[in-house]
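One-letter residues, chain by chain:
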Amino acid sequence: MPQKVTFQSHGLALKGELYLPSDSSGKKRAAIVVGHPFGGVKEQTAGLYAKHLSSLGFIALTFDAGYQGESEGEPRYLEDPSARSEDFKSAVSYLTTLDQVDPERIGALGICAAGGYVPFTAQTERRIKAVATISAADIGQLYREGLGGTQSPDDLKKNLEEAGKERTKEARGAAPRLEHIVPNTVEDAAKAAPPRTLFREGTDYYRTSRAQHPNSQNWYVFRSLDQLASFSAFDYVDLISPHPLLLIAGTDADTLYFSETAYKKAKEPKELFLIDGATHIDLYDKEQYVGPAVKKLDSFFTQYLSGN
């Protein structure tokens, strides 16, 4: 079982879980911060990957981002890219205080939206020595353009106008407007999206017994849009080099183009590792796809966090 931990980030107490290898020998080890998807919490797919990494000998830290899960922050469910980046820097700082961790051997793994936040953070956070992603998504581009470019600039501007109006309402005492991230029921998802797509499968993952968690309520503050729309995960991804970048994605993922974009913009050492037949959400918990992903992560982090 992981250890419950707390650390500070931009004035907020973040709640995390620290996964330690079963071998508790006194030697310092490589450590990996694992970031959860938009709307997710540490107990879901991030915890699954952290558990696998700890079984391979790495120390792994998951945490709820500020405004999410068990962590502090008001309004609840705010999605602020700058705060998310600061959270990863704070998680790295926390790891450097642990006697078991070699501070020169810290890596990071981001899943979905955290697959954009982690590379973005690592562009300037040089303490992250190796960067990996699972089903990466640039959430800024997603909200600017829609999935696969399906949203027009006019629609974006209309939504930004609405976000501004919500700020005005909040200034006058109204509660923040909340919107669902994925369709909230399986029935709604079937009407909204075809099978094997992000938003259809996202509902199956988050809103059913498959992975539903009481701290993951499928909400975000609508006015987060004006913060999300100005965020670009991969514009300066080349700055990660000479630290390595590994992008893992499924060949059937409708978000694959995000990983491909990051790969094209990055400098060596870099790798785009594709898992045949997997969709975006398949890589969250389906063992036939998680297994190969974990095997690749093991070889990647072993190579680049060896300390040699």
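Each chain has its residues counted from 1, following the order in which its sequence is written. Only residues with pLDDT of at least 70 get local features here, since the model is predicted, and only at 80 or more are side-chain atom pairs given and counted; chain-wide, interface and lining totals rely on the full set of residues. Water and hydrogen atoms were dropped before computing side-chain values, which therefore reflect all heavy atoms in the structure.

The chain goes by Dienelactone hydrolase domain-containing protein in an unreviewed UniProt entry, where it is assigned to Basidiobolus ranarum. UniProt positions are given in the numbering used here, feature names are shortened, and annotations may be inferred rather than shown by experiment. According to UniProt, the comment filed for the chain under the heading Sequence similarities (unreviewed entry) is "Belongs to the polyketide transferase af380 family."

Asker: Explanation requested: the overall build of the chain in the structure shown.
Answerer: Note on conventions: DSSP H or I runs of at least 4 residues are helices, E runs of at least 2 residues are strands, and numbering of each starts at the N terminus. Across its full length, the chain carries 11 helices and 10 strands. The C-alpha atoms of the chain give a radius of gyration of 18 Å, which matches the 19 Å a tight globule of 308 residues would have. The principal-axis extent of the C-alpha atoms belonging to the chain is close to 55 × 40 × 40 Å. A 1.4 Å probe rolled over the protein chains alone gives each residue an accessible area, and that area as a share of the maximum for its type sets the label: buried under 20%, exposed over 50%, partly exposed in between. By the burial criterion, 56% of the 308 residues in the chain qualify as buried. We call two residues contacting when some pair of their heavy atoms lies within 4.5 Å. Counting contacts in the chain only where the partners sit at least 6 residues apart, residues at least 24 apart contribute 74% of the total. Taking the average place of the 35 positive charges on the side chains of the chain and the average place of its 41 negative ones, the gap between the two points comes to 2 Å. Using C-alpha atoms as the atom set, the radius of gyration is obtained and then compared with a globule rule of 2.2 Å times the number of residues to the power 0.38. Neither His nor the chain ends contribute to the count of charged residues, in which Lys and Arg are positive and Asp and Glu negative. By convention, charge coordinates are those of NZ in Lys, CZ in Arg, CG in Asp, or CD in Glu.

Asker: So what exactly am I meant to see when it comes to the environment of G35 here?
Answerer: Along the chain, the position of G35 falls in strand β3 (residues 29-35). Classification of G35 by relative accessible area gives buried; the value is 1%. Each C-alpha atom, one on G35 and one on T96, is 17 Å from the other, the two residues being 61 residues apart in sequence. Not counting residues within four places of it along the chain, the set of residues in contact with G35 comprises A46, F88, L109, G110, I111 and A114.

Asker: Hey, could you run me through the sheet that holds strand β1 (residues 3-9) in this one?
Answerer: As a general point, the strands of a sheet are linked pairwise by backbone hydrogen bonds and lie either parallel or antiparallel. The sheet built from 8 strands is open, its strands ordered β1-β2-β4-β3-β5-β6-β9-β10 with mixed pairing. Two strands in the sheet have a free side with no partner beyond their single neighbour: β1 and β10 (270-275). Each neighbouring strand pair of the sheet contributes to a mean axis angle of 25°, computed without reference to strand direction. In terms of strand pairing, β1 meets strand β2 (residues 12-19) through 7 bridges, oriented antiparallel. Within β2, the position partnered with T6 by the bridge is K15. Each axis is a line fitted through C-alpha atoms, taken for helices only over the stretch in contact, and angles between the N-to-C directions span 0 to 180 degrees. Sheet strands in contact with helix α2 (residues 81-96) are β1, β2, β3, β4 (59-63) and β5 (101-111), and its direction is about 120° off that of β1. Taken strand by strand, helix α3 (residues 114-122) contacts β3, β5 and β6 (130-134), and its axis lies near 140° from that of β5. Strands are labelled as partners when DSSP assigns at least two bridges between them.

Asker: Where do I start with the pattern of salt bridges in this structure?
Answerer: Pairing between side chains becomes possible if they bear opposite charge and their charged atoms approach one another. Salt bridges are counted wherever a side-chain nitrogen of Lys or Arg sits within 4 Å of a carboxyl oxygen of Asp or Glu. Enumeration according to the criterion identifies 22 salt bridges in this entry. Between K4 and E17 there is a salt bridge, with the nearest N and O atoms lying 2.5 Å from each other. Placement of K4 in strand β1 and of E17 in strand β2 is noted, with a sequence separation of 13 residues between them. For the salt bridge of R210 with D285, the shortest nitrogen-to-oxygen distance reads 2.7 Å. Taken together, the residues R210 in the loop between α7 (198-206) and β8 (219-221) and D285 in helix α10 (residues 282-285) connect sequence positions 75 residues apart. Overall, D285 belongs to the partly exposed group, its relative accessible area being 26%.

Asker: What exactly am I supposed to notice about the packing of aromatic side chains here?
Answerer: Each aromatic ring pair is specified by the distance between its two centres and by the angle formed by the two planes. The rule is short: rings of Phe, Tyr and Trp, with Trp giving its six-membered ring, pair when the centres are within 6.5 Å, and they are stacked under 30 degrees, edge-to-face over 60, tilted in between. This model, assessed by the stated rule, comprises 15 aromatic pairs. Between F120 and F231, the aromatic rings sit 4.9 Å apart at their centres with planes inclined by 70°, giving edge-to-face as the arrangement. On the criterion of sequence distance, the pair formed by F120 in helix α3 and F231 in the loop between α8 (225-228) and β9 (245-250) is long-range, its members being 111 residues apart. Judged by relative accessible area, which is 28%, F120 ranks as partly exposed. Measuring from centroid to centroid gives 5.8 Å for Y143 and Y220, while their planes differ by 65°, and the two rings are edge-to-face. Here the residue Y143 occupies a position in helix α4 (residues 139-145), and Y220 occupies one in strand β8, the gap between them amounting to 77 residues. Aromatic rings pair up to connect F7, F63, F88 and Y94 into one cluster. Whether a charge sits over a ring comes down to the Lys NZ or Arg CZ being within 6 Å of the ring centre and within 35 degrees of the ring normal. Over the ring of F222 we find R177; its NZ or CZ atom is 3.8 Å from the centre of that ring.

Asker: Would you mind showing me how to read the side chain of S90 here?
Answerer: Of note, S90 is situated in helix α2. Residues within four places of S90 in sequence aside, it is in contact with F7, Q8 and S9.

Asker: It is not clear to me how the packing of α2 against α3 should be interpreted in this structure. Could you clarify?
Answerer: When two helices pack together, their arrangement is captured by the angle between the axes and the distance separating the axes. Packing of α2 against α3 leaves a shortest axis separation of 9 Å and a crossing angle of 65°. It follows from the interaxial angle that α2 and α3 lie roughly perpendicular. For α2 against α3, the interelement crossing comes out right-handed. Seen from α2, the contacting residues are P81, R84, S85, F88 and K89; seen from α3, they are A114, Y117, V118, F120 and T121. Looking at the contact of α2 with α3 residue by residue, the class counts come to 6 nonpolar, 2 polar and 2 charged. An angle below 35 degrees is read as roughly parallel, one above 145 as roughly antiparallel, one from 65 to 115 as roughly perpendicular, and any other as oblique. For a crossing to be left-handed, the near helix must be turned anticlockwise from the far one by less than a right angle; the clockwise case is right-handed. For this classification, Asp, Glu, Lys and Arg are treated as charged, while Ala, Val, Leu, Ile, Met, Phe, Trp, Tyr, Cys and Pro are nonpolar and the rest, including Gly, are polar.

Asker: So what exactly am I meant to see when it comes to α7 here?
Answerer: Where α7 is concerned, the buried positions are L198, E201, G202, T203, Y205 and Y206. Looking at the buried residues of α7, the elements they touch are α1 (45-55), α6 (186-192) and α10.

Asker: Would you take a moment to explain the environment of R200 for this structure?
Answerer: Turning to its location among the elements, R200 is positioned in helix α7. What makes R200 partly exposed here is its relative accessible area of 25%. In this structure the C-alpha to C-alpha distance between R200 and A190, which are 10 residues apart in sequence, comes to 6.6 Å.

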